[in-house]
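# Geometric and topological summary
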Amino acid sequence: TACNYAGRTLEAVAGYQAALPLCRATGNSVAAMLSVANLAMLTIDRGQLHAAAEICRQAIAEAGRTGASQLPAPASVYGAHAHLLYEWNELTAAYLEAQKALMLARRSGHVASIAYGNVVLARIQQARGDLDAAASALDQSLQLRGRGMPAWVAPYIVAQQVQLALAQDDEAAAAQALAQSGRQMEDAIDHTGEVVHLAYLRFLLHQLQTAAPGRAQTAAPAALRLAGRLLASAEPAGRLGRVIEILCLRALVRQTQSEHSAAGQDLARALALAAPEAYVRTFVDLGEPMARLLARTEQTQQQAYHERLLAHFAVEPAAPRTATRAPVEPAGETLIEDLSERELEVLRLMAGGLTYQAVADQLIVSLNTVRFHVKSIYGKLAVANRTAALERARTLGLL
């Protein structure tokens, strides 16, 4: 564990592997399950999702055979398994595993498992579109600060706070979470702080995707510098899961600057690393901009994986670039992704002149949920405001 906290990954892996037989031989199920969970999370960090899943499944099966599946000890293993299922976009299964992890963790009072389990649950709930439930899960993590929560959990809470705030287009809340993290963007990057620096990179990308052009003069260079520093931290240490995420973010930063070739190279490299382990949410969480970049990026080595990823966005793959290809339709005449039934409801209520709060009242949902749907609508329609969205929707016959 000391090697784990110090970032000496290979030594930590070897230590946990050596400790497991001893824990089992002495009947110390708590230490055994914590070793399995830590080993699984280290394996995830190294980008080895299938190996991590096998570690979790074997431990869960063992708990079932020994009658320990309802005891507190396996909580952290269920949490690690939920993390994996989330990455593979198996959201219902991930939700059930996260709930099981939290139920068992609360029985034992293991603060780290409760706090991190709620972070994983918040991530899952956000992916399912339930932003209120995501915020509630994060609040439960935050309440454990100063009550025995280990320091390593705090950066993950901050990172999820930022992602949730940006999903709601609330830059002020994202900036506040970053400011309260205790880390500045220019601070040295280490293995414990990488997730916060990644959150800074997401924040800069959001500014580039939503701000006036003048703002890009400072945000774009800062984002590219930060992405380079993050790669220099994660890559030599073999944290390939982080490397994939950084490359995806940098590709989108470059895309905002019309650096299409460089963006394509970053994306191609991310796909090459991600394909063997079937990463999904790392790409899907980046939303419509990533869908557009994927849809117009040619692939040869990872073609099947590329097409499966696009299917998770409900986007058709780009047509092959050949001399006989049909002419491209004028920009703005088709949608890269259809609006969902709920998004169409929101759009029609907006067309009736209702405010976001009035739309929320009409649909019996929260204001944050309406904002989430509106952001998705704007992305799919490729617009930046209500007036443009309604005009585009009428052109497409949606209203």
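Attention in this report is confined to the structure presented alongside it. Predicted, not measured: the structure shown is a model, and the values here were computed from it.

This next bit is on the overall build of the protein chain. Within the protein chain one finds 21 helices and 0 strands. Considering the protein chain as a whole, with its 399 residues, one finds that 49% of them fall into the buried category. Of all intrachain contacts in the protein chain linking residues separated by at least 6 positions in sequence, the fraction that spans at least 24 positions is 62%. Of the roughly 18,000 Å² that the protein chain leaves accessible, carbon and sulfur atoms contribute 54%.

Here we take up unusual backbone geometry. Positive phi is not limited to glycine here, since A278 has a value of about 60°. Among the structural elements, A278 can be located in the loop between α14 (260-274) and α15 (281-284). Phi is positive for A382, which is not a glycine, with a value near 60°. Along the polypeptide, A382 turns up in the loop between α20 (367-381) and α21 (386-395).

If you trace the backbone, D266 turns up in helix α14. Classification of D266 by relative accessible area gives buried; the value is 4%. Within the structure, D266 has its side chain in polar contact with the side chain of R250 (distance 2.8 Å). Non-local contacts of D266, meaning those with residues more than four positions away in its chain, are made with L247, R250, A251 and R254.

The next thing to look at is the pattern of salt bridges. Opposite charge on two side chains lets them pair, provided their charged atoms get close. By the definition in use, this model includes 14 salt bridges. Among the ionic pairs, R281 bridges to D285, the shortest N-O distance being 2.6 Å. For D285, a relative accessible area of 28% gives the class partly exposed. Ionic pairing is found between R292 and E288, a salt bridge with its closest N-O pair at 3.7 Å. Of this pair, R292 and E288 are both found in helix α16 (residues 287-295), 4 residues apart, which corresponds to roughly one turn of the helix. According to the relative accessible area criterion, R292 is partly exposed, its value standing at 27%. Via salt bridges that share partners, R250, R254, E259 and D266 belong to a single interconnected network.

Reading guide: rules and limits
Residues numbered from 1 in each chain as written. Predicted model: local features only at pLDDT ≥ 70, side-chain atom pairs only at ≥ 80, totals over all residues. Heavy atoms only, no water. Helix = DSSP H or I, 4+ residues; strand = E, 2+ residues; numbered from the N terminus. Buried < 20%, exposed > 50% of the residue type's maximum accessible area, 1.4 Å probe, protein only. Contact = heavy atoms within 4.5 Å. Areas by Shrake-Rupley, 256 points an atom, 1.4 Å probe, with all protein chains shown as cover. Polar contact = N/O pair within 3.5 Å; in protein donor to acceptor, adjacent residues only side chain to side chain. Salt bridge = Lys/Arg side-chain N within 4 Å of Asp/Glu carboxyl O.

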